[in-house]
Amino acid sequence: MNTPIELNTEGDRIVYVKTVEVADLPSDLRDQAGDLDQLYAVHDSDGQRLALVADRKLAFVLARQNDMSPVPVH
């Protein structure tokens, strides 16, 4: 069955969660990361970083609390 569906892409609320190596960040952010080796970044669909957080679960919770749909990036 092929039923066409109109998807409303206006107001796209999908964000992407990916692992970021602390060593790849600017020095001021490395200093704030303490002894962590990895952080989790939340990016919008244009690739702009919206947030950096300490763990993956927190990244997903943060996105959902802001009415966004998080998607993992592998």
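Coordinates for the structure precede this section.
Residues numbered from 1 in each chain as written. Predicted model: local features only at pLDDT ≥ 70, side-chain atom pairs only at ≥ 80, totals over all residues. Heavy atoms only, no water.

1. Here we look at the overall build of the protein chain
Looking only at helices and strands, one finds two helices and four strands in the protein chain. Along the protein chain, helices and strands appear, N-terminal first, in the series β-α-β-β-α-β. The buried share among the 74 residues of the protein chain stands at 24%. Partitioning the contacts of the protein chain with sequence separation of at least 6, the portion at a separation of at least 24 is 40%. In the structure as shown, the protein chain presents an accessible area of about 5,800 Å², 47% of it carried by carbon and sulfur atoms. (Helix = DSSP H or I, 4+ residues; strand = E, 2+ residues; numbered from the N terminus. Buried < 20%, exposed > 50% of the residue type's maximum accessible area, 1.4 Å probe, protein only. Contact = heavy atoms within 4.5 Å. Areas by Shrake-Rupley, 256 points an atom, 1.4 Å probe, with all protein chains shown as cover.)

2. Topic: the nonpolar core
Within the largest apolar cluster, nine residues are counted, these being Val-15, Val-17, Tyr-40, Val-42, Ala-51, Val-53, Ala-59, Phe-60 and Ala-63. Taken together, the elements giving at least two residues each to this core come down to strand 1 (14-21), strand 2 (38-43), strand 3 (49-53) and helix 2 (56-65). Ranked by residue count, the leading element in this core is helix 2, at three residues. Contacts of Ala-59, omitting those with residues within four sequence positions, involve Val-17, Tyr-40, Val-42 and Val-53. By size, the runner-up hydrophobic cluster in this structure holds six residues, among which are Val-22, Leu-25, Ala-33 and Leu-39. (Core = buried A, V, L, I, M, F, W, Y, C linked by side-chain atoms within 4.5 Å.)

3. Considering the pairing of strand 3
Regular strands place side chains that alternate from one sheet face to the opposite one. Where strand 2 meets strand 3, four bridges bridge the pair, whose relative direction is antiparallel. Bridging from a neighbouring strand, His-43 pairs with Arg-49 of strand 3. Here strand 2 folds back onto strand 3, and the loop between the two strands holds five residues, one of which, Gly-47, carries a positive phi near 90°. (Pairing = 2+ DSSP bridges.)

4. Concerning helix 2
Within the span of helix 2, buried status applies to Ala-59, Phe-60 and Ala-63. Looking straight down helix 2, one finds its buried side chains confined to an arc of 95°; they lie on one side. Along helix 2, exposed side chains directed more than 90 degrees from the buried face belong to Lys-57 and Gln-65. Elements that come into contact with the buried residues of helix 2 comprise strand 1, strand 2, strand 3 and strand 4 (69-72). Two to three positions downstream of the cap, the backbone nitrogen of Lys-57 sits 3.3 Å from a side-chain oxygen, assigning the N-cap of helix 2 to Asp-55. (Arc of directions from axis to C-beta. Polar contact = N/O pair within 3.5 Å; in protein donor to acceptor, adjacent residues only side chain to side chain.)

5. Structural notes on the environment of Leu-39
Positionally, Leu-39 belongs in strand 2. According to the relative accessible area criterion, Leu-39 is buried, its value standing at 8%. Along the sequence, Leu-39 and Val-22 sit 17 residues apart, while their C-alpha atoms lie 6.5 Å from each other. Ignoring sequence-local partners within four residues, the contact set of Leu-39 consists of Lys-18, Thr-19, Val-20, Val-22, Leu-25, Ala-33, Leu-52, Val-53 and Ala-54.

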